[in-house]
Each structure stands twice: as structure tokens, then as C-alpha cells.
Amino acid sequence: MPTDHRPRQPRHDAAAHTTQVAVVWFDGQRSEGVAATLALDANHYLTLRDENGQLLDPEAVCPARLHIAPPLGDTARTFHFGGSGRGESRDLQALAALEHALGRGWKGRALARLESAWPIALTLGALVMLGGLAGLRWGVPWAAEQVAIAMPDDLAHKVGAGTLRVLDTTVLKPSRLQTARKDELRAGFLTLAAPYDALPLTLHFRRGVGPNAFALPDGTVLLTDELVALATDDRQLFAVLAHEIGHVHHRHGVRMALEGAALSVLVAVVLGDATELGNVAAGMPAALAQAQFSQAHEIQADDFALETLVHAGISPRHFAVIMRRLQASAGGPDRSPVTTGTDPEKTSADGALRYLASHPPTEARVARFATWPEPQ
Amino acid sequence: MSAEFESPAITPIQRDVPFVFTGEAGEYFRIWIVNVVLSLLTLGVYSAWAKKRTRQYFYRHTQVDGTGFEYLADPIQILKGRVVLVLLLGCLVALQAFDPVLYLVGVALFMVASPALLVAALRFNARQSAWRNVRFRFDAPISVAYQLYAKMVGLTLVTCGFAVPYTQWMWADFIASNHRFGDQPFSWRTQPGEIVTLYIYMVPMMMAVYALFFVGILCIATLGQLLPTILGTKANDPATMDQIVSMASIIGLPLFYAALTVPSAFFKARMANLFFGGMSVGPHTVRSEQRFAELLRVYLGNLVALVLSLGLAWPWAKVRLTAYRLSRLTLVAHGPLVVDAGEGADHVNALGDAAMDLGELDLDLGF
């Protein structure tokens, strides 16, 4: 043996066919390292010797006991023999040669190759970017819809079953409408709902949250006294109710829950420990995506309302009228009000904020209703 | 100098041992993107391996006295913890959908369990962290965590939240002084008053940012009222208003977020200095010298890079922040850095570890 104890390069001794790796050995009893050499000879005998040639770990004979941590960037790799001692080496080439001689570590090497190539990394980066955007735009809503449709009826209708109870004890107050008035509106509602007898639709009257209407996944449709007062024609109310039945029909409540869950998982996978860099960066895209999902639901419920109204012989123009009245009642043409949705606390706004709103801008929504040809 | 009174043999030799961070943004970017892709392709299963590799990357590149730290956790163990946690959270999400009342009960149970989960996480993390093959440990019994938690909640309620600086000190003290490295216990000498002082500076800064924000909104609103008259357009013209609100939100919101990083950088820099700077490991002490202005520059640079790159600069931002923090951290060694490992292993599971990871994210997403 030459006196050089820490060879920088793997040595394939022509005579002995040994592979030697310069290591530092930590016995696990004290935080003190010993310079050593890990050697594999032609007969596949491993030895771990210190600078004086003393064997450091008698277990270190059988290669089967040797565990080497997979390569990770250009960091030093550690190894052990199942005991309390651990070695570490920066002699990455020699360690790879030793692994190669043992016919091991191909998984780690494959991963390291994948992680060391810039072309691969940049391609993957672009793919993740595009795939992520496409997944958010189409994949997540599509998957949520498929699951919601596949869900058995009674399960889907159980979603949010206790929500009305919670709302009643918090923000909602009992309605002050006359029973006769309620019956009148309920009769109209039932006529609208008649084609959808598979849906457990019921109409409830409340007040206390301003002019609003909303639907719960279990078929509960809520109408506020304030909205009844705002309407100048009952057909305007039926137009809003048709929109709400659309939310129930398309299972928007279930889909919102599923989309929200999918978003959390995606953010968790991509960012991992996002909290470290502040929540803003992580929260904004999620909020943006959630708002876009919600807007898509509103448009779908509008489509449904249009079809249902035409079918029931009610002019879709009534929807445009009540929507504009709602907007005006919320204080000016620049800020769209709380309108209709599965959640009573949704507002919509214009400007750049429109992308973060749960509802699309009112004017864009009502255009096709307002221009519907009047029957002669 | 004390050397006058003590014999040179027992005078500890004091020397500065800097924390050296050798990680590189490019190298970490490649590891990160492979982690993300494999995690997505395996529907999240690989995320346990991804976590191990990420943590190990930052540990290995953090060197003290020429040796990097090591993260020893077994990915399978991390995976088990994640599966259990995902199932629990899945139950919570399902409850939220089907039965809001039971959901609240579930959330309450989760909150009751949180001190135990936190201690389990601290234990797991400490146990899986090593330097020169000597592991860290976190030794506080769960009962102590509950007593502390009860005190913290009680104090916060009684004082309407004004005791928060003090309760934060209690919690930091609990974490810092219950760690061990091998047989060397940690101790923490930061005083409650130091954290109270920090809050006394930070709260007005925070309030100033919010005040500026509201003044800004008022200005825009006033401008919005006046602009139609100035421009001679019809009052309350929706198109004009639309443009004003657009401009205001495009410029104003990012500015507001950027402004919020000012008090945040101040607080985090000072807090890190108090937390790490108050620590001792056996005879050795720690010095943390983060500066407000420097950390602010790092934060703002990261924010700009993240926004412009649509998030792809994440690894660069993370490496940059870690490099800054560690560049300001020094171990002041009093004597040789040789430590005995102490007693044998105690039982740890990965559940607490995963609870930390996902738990923080849940708060983010407003569950």
C-alpha cells in the first residue's frame, strides 16, 4: 500500500482489482470522524480500514450489508452496514465505481441522471407549466363533473344537508311573507321544477341577507324577502329560481367541493412547504382558479335557466330585468351585487378583480337574456 | 479576561464556526422539477420520496465545520404518515360536505389533538436529523405540551390577545430548550421582554401599511368620483369606472402585498436573531445576525421573481432565502465540537411529521 490514505480517484489496481474510496467514518457514539478507506477487492470482499490499516467495522465484509444513500446533486453520500456507524464520502466517482462493480444503485443513478440534465429539466418545467394550466382550466372541472355525475343521487343530495340549519342559526331570519304569497310563489316554482322530478327540490323563504337567492346541493332553494320585494313581476323571481334549479341539476355544490379539494392537493404537491415564502404567492393562483370554476358554474346555471324559462313559456327577458335591478340595488353600475349562487356570500366585481370574483360581470351575463326576441 | 483567573488547560477555546450553505439554485431546480413531475405521475405517492430528497438536499448542503447535516427519515415512514393524514383530512372534507355540525366537531377534535401532533412532529424531525452520525432529539413529554397549550390559550383569551408576544415566547422557549444534540441539551436565554419589544416595533409598522392601503383606496375612490367630471364624460359611466378599478387593482394590490413584506421582513429577521441567537447547545452558543434591510431585499427579489416566472423561480427563491439565513448564522464553539450520542433510540413515527407539512398548508388554504 502506498502511503496516500485519501485517494481522490478510484483506483483499479491492475493486480488486485480493488476499488478504493476515501471516506470519513463516524462510529455513532461520538461526533468525531476518522479518515478511512472503503475497499472492494476482486473477490467482492469489502474492507473499511483507518489510516493505520485497522478494521473499523467488522461487519463491513459482506457487500450485501452495505447501504449507500442514492446520489443527490453533488453532495457527499453516506453509507452504513446496518449498524450504528455511518460513513460519508465526497469521492463520488469512486463510490459510483464501487457500486457499479457490485452491480447496484442503478435506480439512484437513473434518478441522478434525470436530475442532472438541463434539457430534461427545462422540458419538464415547460410541460408542468402548460400541463398545470390546462389541468386547472379543463382537467380539474372535468374530473369534478364526472365524479359528481357518477355519484349516486341520494349521496349527491346529502352534500350540505346541515347547511340550512347552520345558516338559520347564524345569518338567516324567518320570512315575513304572507302564507298566501308563499304558496303563490311555491306553485310557480313547482311548475318550473316539474320536468326535474328526480331532484328533491323544495323552496324556502328567509330574510336577513339582502336580495338574494341560493341553492343547496340537497335541492333546498332559498329566496329572500328582500328579493321578492325587489321584483316587479313574479316571472322575474321564477327566472332567478330557474337559475338556482340549474345549480342543483348540475350538482354545482358537489363540484365546488371536489374542485376545492383537487386544488389543495395540486398546490401541496407543487409547492410543498409553501408557507416558508409567504402565503400570498401560493394563495393567489388557488383563489384565481376557484373563482374561475365558480364563474363557469354560473354560466352553466344561466344556460339552464334560459332553456327552462323558454320551456315554461316565460320570457328570458325577465332574468335580465331582475339581474339589473339586483345590480342597481347593490349601489351603482360599477359594482355588481351579490346575485345568485350556491353560496350567499358571493359578490362579483368588474375590472381586473373580475377574475377573482365568483360571478361573471352582470352585463355580460344578461346580454343574451335581454335581447331574447319577444313572442308576438 | 477570565484567562487571568483560570488555568489555560480549562479555559475553553472560543472560535466561530460559520454555517456554510453550498446549495445552488440550478441544481435544486432540476431536483425540484423531477420531484414535481414524479409526484404528479404517481398521484402523490412519490411526494414522500420527494420530501426526503428535498430535505436531504438542504441538509447536506448545510455544513458546519466541514460536515453537512443528514436527514435520515425513511420515505416509506413519511408515506405512511401522509396516507393516514390524507385519510383524516379526507374525512374532514367529506364531513364538511355532508354534515357541517359533525365537521365542526371534527375540527375541534383536530385542534385538541394538535399539541400532541406538534410534539410528535418535533420529535420525528429531531430524531431524523443528524450531524456526524449523532442525532438530535426532542424530549418534551406530551403532557407538558398540553399544560403549555392550556396556559397559552388561557392567557390569550384573558388578555384579549395582548399576551400573544408572551405566549410566543413560551412556545419558542418550549421548542428551543427541549431539544438535544446527542447528550448535550439545548438551552435558551432569550427573555420575554425582548419579544415584547419586537412586537412594540412591528405592530405600528403593520398598522402603517394598512393605513396607507386605506388612504390609497380613499384616494382612488375620490378620483373615481372626480374623474368623470374632469374628463367630461358622463357621470358614473360604467366603462370609465371599470378602467379605474382595473388600474387600481392591477397596481394597488401587488403594491400592498409588497408593502406587507416590510413589517414581515423586520419581524422575521429580528425573530430569527432572538430565536437562534438565544440558543446554546451544551457549552456552545449560536449567533444569528440577520438584518432587516437585507432580508427585505431577499423577500422582494423573490416575490418579483415568483410573479414574473409564474412560480417557476420557486427553487431559486428557496435557495436564495436559505443561503441568506445561513450566511448570518454562526456557531460559537467553546471547546471541541465532539459530542457523545447519549442513550439509544426512542420510538418515533412519521404521522407527526406529515401533520406538520399538511397542517401548515391547510391553514393556507383556509380550510
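Residues numbered from 1 in each chain as written. Chains lettered and ligands numbered in written order. Predicted model: local features only at pLDDT ≥ 70, side-chain atom pairs only at ≥ 80, totals over all residues. Heavy atoms only, no water.

### With respect to the pattern of salt bridges
(1) Moving on: Scanning the model with the defined rule gives 25 salt bridges over all chains in all.
(2) Moving on: Of the charged contacts, one joins B:Arg53 and A:Glu115 as a salt bridge, the two residues approaching to 2.8 Å between their closest N and O atoms. With B:Arg53 in helix H2 (residues 47-60) and A:Glu115 in helix H2 (residues 106-116), this residue pair bridges two chains.
(3) Moving on: With relative accessibility at 7%, the residue B:Arg53 sits in the buried group.
(4) Moving on: Using a relative accessible area of 4% as the deciding quantity, one classes A:Glu115 as buried.
(5) Moving on: Close ionic contact of A:Arg255 with A:Glu145 constitutes a salt bridge, the shortest N to O distance being 4.0 Å. Residue A:Arg255 is located in helix H9 (residues 252-271), and its partner A:Glu145 is located in helix H3 (residues 118-150); the two are separated by 110 residues in the primary sequence. (Salt bridge = Lys/Arg side-chain N within 4 Å of Asp/Glu carboxyl O. Helix = DSSP H or I, 4+ residues; strand = E, 2+ residues; numbered from the N terminus. Buried < 20%, exposed > 50% of the residue type's maximum accessible area, 1.4 Å probe, protein only.)

### Examining the environment of A:Trp138
All names here are of chain A.
(1) Moving on: Positionally, Trp138 belongs in helix H3.
(2) Moving on: You can call Trp138 exposed: its relative accessible area is 57%.
(3) Moving on: Spatially, the C-alpha atom of Trp138 lies 9.7 Å from that of Phe293, the residues being 155 residues apart in sequence.

### Here's the deal with the side chain of A:Thr308
All names here are of chain A.
(1) Moving on: Position of Thr308 among the secondary structure elements: in helix H10 (residues 279-312).
(2) Moving on: In this structure Thr308 comes out as buried when scored by relative accessible area, which is 5%.
(3) Moving on: At a separation of 2.8 Å, a polar atom in the side chain of Thr308 contacts the main-chain carbonyl oxygen of Phe304.
(4) Moving on: Each residue touching Thr308, except ones within four places of it in the same chain, is listed here: Leu192, Tyr196 and Ala242. (Polar contact = N/O pair within 3.5 Å; in protein donor to acceptor, adjacent residues only side chain to side chain. Contact = heavy atoms within 4.5 Å.)

### What about the environment of A:Asp74?
(1) Moving on: Tracing the backbone through its elements, the reader meets A:Asp74 in the loop between strand E4 (67-68) and strand E5 (77-80).
(2) Moving on: Among residues more than four places away in sequence, those in contact with A:Asp74 are A:Leu92, B:Glu27 and B:His61.

### Description of a nonpolar patch on the surface
(1) Moving on: On the surface, a cluster of nonpolar side chains totalling about 270 Å² of accessible area is made up of B:Leu102, B:Val105 and B:Leu109.
(2) Moving on: Counting through the fold element by element, B:Leu102 comes out in helix H4 (residues 100-127). (Patch = residues over 30% accessible without salt bridge, like charges linked within 9 Å, V, L, I, M, F, W, Y side chains within 5 Å. Areas by Shrake-Rupley, 256 points an atom, 1.4 Å probe, with all protein chains shown as cover.)

### Considerations on the sheet that holds strand E5 (residues 134-138) of chain B
Residues and elements named next belong to chain B.
(1) Moving on: Ordered in space as E1-E2-E3-E4-E5-E6-E7-E8-E9-E10, the ten strands form a closed barrel in which the pairing is antiparallel. Direction aside, the axes of adjacent strands within the sheet are offset by 30° on average.
(2) Moving on: Pairing between strand E1 (residues 14-21) and strand E2 (residues 62-64): three bridges, direction antiparallel. Bridge pairing in E2 places Phe21 opposite Thr62.
(3) Moving on: Where H4 meets the sheet, it contacts strand E3 (67-71), strand E4 (129-131), E5 and strand E6 (179-181), and its direction lies at approximately 170° from that of E5. (Pairing = 2+ DSSP bridges. Axes fitted to C-alpha atoms, helices over the stretch in contact; angles between N-to-C directions.)

### Re the pairing of strand E10 (residues 220-224) of chain A
Residue and element names in this part refer to chain A.
(1) Moving on: With five of its five residues buried, E10 lies for the most part within the structure.
(2) Moving on: Here E10 shows two buried faces, one formed by Thr220, Leu222 and Thr224 and the other by Val221 and Leu223.
(3) Moving on: Where strand E8 (residues 202-207) and E10 come together, five bridges link them in parallel fashion. Within the sheet, the bridge partner assigned to Arg206 lies in E10 and is Thr224.
(4) Moving on: The turn joining strand E9 (residues 213-215) and E10, which pair antiparallel and follow one another in sequence, is formed by four residues; a positive phi near 95° is taken by Gly219.

### With respect to the environment of A:Asp168
(1) Moving on: Along the polypeptide, A:Asp168 turns up in helix H5 (residues 163-170).
(2) Moving on: Sequence separation between A:Asp168 and A:Arg207 is 39 residues, and the spatial gap between their C-alpha atoms is 10.0 Å.

### Some thoughts on the pairing of E5(A)
Residue and element names in this part refer to chain A.
(1) Moving on: Note: E4 against E5, two bridges, orientation antiparallel. Bridge pairing in E5 links His67 to His80.
(2) Moving on: Bridge count for E5 against strand E6 (residues 86-89) is four bridges, and the pairing is antiparallel. Paired with Arg77 across the bridge in E6 is Ser89.
(3) Moving on: Counted between consecutive antiparallel strands, the loop separating E5 from E6 contains five residues, among which Gly82 sits at a positive phi close to 85°.

### Points about H4(B)
(1) Moving on: With 28 residues, H4(B) should cover 40 Å at 1.5 Å per step; its first-to-last C-alpha distance of 38 Å lies within 8% of that length.
(2) Moving on: Along its length, H4(B) shows its largest kink, about 45°, at B:Ser114, and proline B:Pro115 lies within four residues downstream of that point. (Expected span 1.5 Å × (residues − 1). Bend = angle between axes of the 7 residues up to and from the residue.)

### Examining the packing of H3(A) against helix H1 (residues 25-41) of chain B
(1) Moving on: At a closest axis distance of 9 Å, the pairing of H3(A) and H1(B) adopts a crossing angle of 50°. Here H3(A) is positioned oblique relative to H1(B), judged by the angle of their axes. Where H3(A) crosses over H1(B), the two elements pack in a sense that is left-handed. Along the contact surface, H3(A) presents A:Trp118, A:Ala121, A:Leu122, A:Leu124, A:Gly125 and A:Val128, while H1(B) presents B:Gly26, B:Phe29, B:Arg30, B:Ile33, B:Val34, B:Val36 and B:Val37.
(2) Moving on: Of the residues assigned to the contact of H3(A) with H1(B), the class counts are ten nonpolar, two polar and one charged. (Parallel < 35°, antiparallel > 145°, perpendicular 65-115°, else oblique. Left-handed = near helix turned anticlockwise from the far one by under 90°. Nonpolar A, V, L, I, M, F, W, Y, C, P; charged D, E, K, R; others polar.)

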